[in-house]
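Each chain, letter by letter, is given below.
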Amino acid sequence: MSFPRQQARTRRFSLGVPRAFQISPDGRRVTFLRGRHGLDPATCLWLLDLDSGRERVVADPRELGRTDEDLPPEERARRERLRETGGGVVSYTVDDGLTRAAFTLSGRLYHVDLVGDGATARELPVTGPVVDPVIDPRGEAVAYVSGGAIHVVTIADGNVRTLTGPEGEGVTWGLAEFIAAEEMGRYRGMWWAPDGSALLAARVDDSPVARWHIGDPAHPETAPQVMAYPAAGTANAEVRLAVLPLGESTEGPAKPAWIDWDREALPYLVTAGWTTGPDGTPTVVFTAQSRDQRSMTVFSADPATGLVFDLLSEDDDTWVEIMPGVPAFTAGGDLVWIGARGEDRERHLYVAGRAVEGRGHYVRGLVDVDGGLLLYSGSVAGSPGDVGLWLLDVTEGGALPVEFPGASTGGVHSGRLRGGTLVLQRRDLENDGVRTVAIREAASETRRSVTPIDSFAETPDLPAPRVRMWAAGERRIPSALLLPSWYESGSGPLPVLMDPYGGPHAQRVLRARGAYLTSQWFAEQGFAVLVADGRGTPGIGLEWEQAISGDLASAVLEDQVAALHDAAARSEDLDLDRVAIRGWSFGGYLAALAVLRRPDVFHAAVAGAPVTDWRLYDTHYTERYLGLPQERPDAYAASSLLGDAPNLRRPLMLIHGLADDNVAFAHSQRLSSALLAAGRPHTVLPLSGITHMPTEESTAENLLLLQVEFLREALRGEGSGS
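Residues numbered from 1 in each chain as written. Predicted model: local features only at pLDDT ≥ 70, side-chain atom pairs only at ≥ 80, totals over all residues. Heavy atoms only, no water.

Trainee: Is there a simple way to explain the packing of aromatic side chains in this structure?
Mentor: One pair of aromatic rings is described through two measures. These are the centre distance and the angle between the planes. Tallied over the entire structure, the rule returns 21 aromatic pairs. Ring geometry for W261 against F286: centres 5.0 Å apart, planes inclined by 50 degrees, an arrangement best described as tilted. Residue W261 is found in the loop between strand 20 (257-259) and strand 21 (268-276), and its partner F286 is found in strand 22 (residues 282-289); the two are separated by 25 residues along the sequence. For W261, a relative accessible area of 9% translates into the label buried. Linked through ring pairs, W319, Y501, F586, Y589, W614, Y617, Y621 and Y625 together constitute an aromatic cluster. For the cation-ring pair, R240 lies above W258, with the distance from its terminal atom to the ring centre recorded as 3.9 Å. The residue whose ring lies beneath R468 is W470, and the NZ or CZ to ring-centre distance is 5.4 Å. (Phe/Tyr/Trp six-rings, centres within 6.5 Å; stacked < 30°, edge-to-face > 60°. Helix = DSSP H or I, 4+ residues; strand = E, 2+ residues; numbered from the N terminus. Buried < 20%, exposed > 50% of the residue type's maximum accessible area, 1.4 Å probe, protein only. Lys NZ or Arg CZ within 6 Å of the ring centre and 35° of its normal.)

The following block contains the structure:
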């Protein structure tokens, strides 16, 4: 099997990798999702007993007879926002004691007991397609969304109660709106109270949002998909919060206790949930952000009265970044936060207003709180390609790095912590794929025990990536160079292929083999592949990230050019007369930008799903960097590609899915129209039925092959001054 076909069939080698871990309060049991092998798209739910080391499947879609993917539209949209490419049990929810789990298959609702050996998953008798179920903390009932309304089913007797009735077109309860899921990392719209007495729910009214129509010309008999898409400068959905008390009644809608804050000043609902007060009383906690994203406030609210109190505010003249995992609370009730409050203008981890993380750490997010023990993610200054975890005891102070047993330093780590047990995953340059262990008594150096959790992922049919990493140029741009395995240095320069993402919220230069598989495959086709993370990408610092404020084009392109020239100065293996660039999404924007504005440097480009006109991209992302288009038209014009169309004199291929509801096909269509009007030849490859990330097997495979042929042909005439 060729590498492109293998990568497509294994969903980028994600099938068979354990993920989505949950840990019991005593740290003795762990649940997770994993297929039965590396080509198995029907993901199963597994349970691991750490006392015995025994794993078993507790829910298998095949045994339940639900291997089809007949998904309701809301679930398809939710998976698109999550970039979920698997099938079977793709997500699940557990009670506080890890005694019961709930999940959906093809819109049907199931539950399974996690205590005892003989439990099997059973379908709950609910009507209508089920979306995003949430089990209550006691494991007695499941809340779910169907038809835009919230329902609760009691597991024991199957009784179903509708808490919120449907309110007509445009209004939904219990689901995250597009902006929350696509840009803010909030994928849920309802949360159980800790004692199971009530639900906190989001009510979303997207009737003010403009309607876009996503059609497929290959199927003219099919009506276009109509979606609410809030483009930059236009109206967002209106989001409110309410507590829905269950009370003694088992029938009829709940009377909502509305939680109101200044939604005109802070319209974005960023996070929501509950905490328990010192007296054991459940309290609502939520975070809201201003439209210009320069202010964010953490609120608490009385669930009975809806009375709201400010807990903390964060302000920044450029923007306040939404940080994963916060707000959170220690067992003692102290607020945990990540913010840029010190004189050094960098983000720190705060507990009760006091900075607590180790010096010199770039803080990436709070992973978990286990009593008074915090698990956070970050990088040591100067090593942005390494992502580490630290354990911090808030009573004793001092952050201790988490080390993967038997591994060298460096690598990319993730994890979960509860009941003293740490589930730790590691990706590095020395090994394929992901390694996973569960560590009991993780905070103790003497009592800890380690249990491996196997990955069944396929091994790439590809030579191990030859990655050379360094900091390029005066700005010390994180860079990585990959050469063909068969190439001997000094045997003649290679054409260069730059392979960046280059934008906010994503790094490509990581100390993990899996980050370079596609790049190494391109290298095997005869390219020197260069990957660079310029200004705007995470991992360096706040000033580095905010350097793109007001201009999404100049700094990111300058840094790609600087990294290229630095690489050529370090190696005679690069032919600067034959330089191509490829990328997807923001990387596609950057690739097209490169040949349009720097044809003296870049001789060909492949731009996949590129943003070409930022007025067509969503509010929360675009306005963070460029502001409102009505107020800053010059910033939008400077970052747009459409005005550069007459400048094209290099080969450019545009690839775009016709069903893309994130970066609409209109982006590539408008650039193509501008190029045609200017008489500039180019190539457009429309993908029928494909959304933002192509996952269909033959499409994903052939896209790589077609890109290689296009780039080879485009660079064939270069190298002689042409």
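Trainee: Which parts of the structure should I look at to understand unusual backbone geometry?
Mentor: The general pattern is negative phi for most residues beyond glycine and trans for most peptide bonds. Here V326 and P327 are connected by a cis peptide whose omega angle stands at 5 degrees. Looking at the secondary structure, you find P327 in the loop between strand 24 (308-315) and strand 25 (328-329). With a phi close to 55 degrees, R11 is a non-glycine residue in the positive phi region. Inspection of the secondary structure puts R11 in the loop between helix 1 (3-9) and strand 1 (19-23).

Trainee: Got a minute to help me understand the packing of helix 6 (residues 554-570) against helix 7 (residues 586-597) in this structure?
Mentor: When two helices pack together, their arrangement is given by the angle between the helix axes and by the axis-to-axis distance. Here helix 6 crosses helix 7 at 75 degrees, and the two axes come no closer than 10 Å. One way to sum up the angle between helix 6 and helix 7 is to call them roughly perpendicular. Contacts from V556, L557 and Q560 of helix 6 reach helix 7 at F586, L590, L593, A594 and R597. (Axes fitted to C-alpha atoms, helices over the stretch in contact; angles between N-to-C directions. Parallel < 35°, antiparallel > 145°, perpendicular 65-115°, else oblique. Contact = heavy atoms within 4.5 Å.)

Trainee: Which parts of the structure should I look at to understand the environment of P137?
Mentor: Tracing the backbone shows P137 in the loop between strand 10 (131-135) and strand 11 (141-146). Sequence separation of P137 and L98 is 39 residues, and the distance between their C-alpha atoms is 9.2 Å. Those residues in contact with P137 that lie beyond four places of it in its chain are D95, D96, G97, W192, A193, P194 and G196.

Trainee: What is the right way to look at empty space enclosed by the protein in this model?
Mentor: Applying the stated criterion across every chain, the model contains 2 cavities of 30 Å³ or more. Each pocket or cavity is described by its volume, and for the largest cavity that value is around 90 Å³. Together, E314, D316, W319, V320, E321, M323, I338, G339, A340, R347, L542 and Q546 line the largest cavity. In the lining of the largest cavity, the residues fall into 6 nonpolar, 2 polar and 4 charged. By volume, the second largest cavity amounts to about 30 Å³. If you go around the second largest cavity, the residues you meet are V270, T271, T287, M296, I322, M323, V326 and W337. (1 Å grid on protein atoms, 1.4 Å probe; cavity = no way out; pocket = protein on both sides within 12 Å on 5 of 7 lines; lining within 4 Å. Points joined across faces, edges and corners; volume = space filled by probe spheres on them. Nonpolar A, V, L, I, M, F, W, Y, C, P; charged D, E, K, R; others polar.)

Trainee: Whenever I open this one, the packing of helix 4 (residues 517-524) against helix 11 (residues 697-716) confuses me. Can you help?
Mentor: Viewed as axis vectors pointing N to C, helix 4 and helix 11 meet at an angle of 45 degrees, and their least axial separation amounts to 11 Å. Considering their axes alone, helix 4 and helix 11 lie oblique with respect to each other. Considering only the axes of helix 4 and helix 11, their crossing is right-handed. Across the interface between the two elements, T518, W521 and F522 of helix 4 pack against L704, L705, Q707, V708 and L711 of helix 11. For the contact of helix 4 with helix 11, the residue count by class is 6 nonpolar, 2 polar and no charged. (Left-handed = near helix turned anticlockwise from the far one by under 90°.)

Trainee: Help me understand the layout of surface pockets in this model?
Mentor: Rolled over the atoms, a probe sized like a water molecule indicates the empty space that remains. Approximately 460 Å³ is the volume found for the second largest pocket. Every residue lining the second largest pocket is counted, 26 residues in all, and those nearest its centre are A381, G382, S383, P384 and I540. Among the secondary structure elements, those contributing two or more residues to the lining of the second largest pocket are strand 29 (361-370), strand 37 (467-472) and strand 38 (477-482). Classifying every residue of the lining of the second largest pocket gives 12 nonpolar, 8 polar and 6 charged.

Trainee: What's the story with the sheet that holds strand 30 (residues 373-380) in this structure? I'm lost.
Mentor: As summarised here, the arrangement of the 4 strands in space is 29-30-31-32, forming an open sheet in which the pairing is antiparallel. Strand pairing shows two members of the sheet lacking a second neighbour, strand 29 and strand 32 (399-401), which therefore form its edges. Neighbour-to-neighbour, the strand axes of this sheet turn through a mean angle of 30 degrees, independent of strand direction. Two elements, strand 31 (residues 388-393) and strand 32, share 3 bridges in a ladder whose sense is antiparallel. Its bridge partner being in strand 32, L391 is matched across the sheet by L400. (Pairing = 2+ DSSP bridges.)

Trainee: What is the right way to look at the nonpolar core in this model?
Mentor: What tends to happen in soluble globular proteins is that the nonpolar side chains get buried as a cluster. If you look at the biggest cluster of nonpolar residues, it comprises 93 residues, and the most contacted ones within it are L366, F602, W614 and L652. With 9 residues, the single largest contributor to this core is helix 7. Grouped together as the second largest cluster of nonpolar side chains are 32 residues, A480, Y516, L703 and L711 included. (Core = buried A, V, L, I, M, F, W, Y, C linked by side-chain atoms within 4.5 Å.)

Trainee: Help me understand the sheet that holds strand 25 in this model?
Mentor: Think of a sheet as strands paired side by side through backbone hydrogen bonds, with each pair either parallel or antiparallel. Reading across from one edge, 25-26-27-28 is the order of the 4 strands in this open sheet, with antiparallel pairing throughout. The strands lining the two open edges of the sheet, one partner per strand, are strand 25 and strand 28 (354-355). Bridge count between strand 26 (residues 335-339) and strand 27 (residues 348-351): 4 bridges; the pairing is antiparallel. Note on strand 27: the bridge partner recorded for W337 is Y350.

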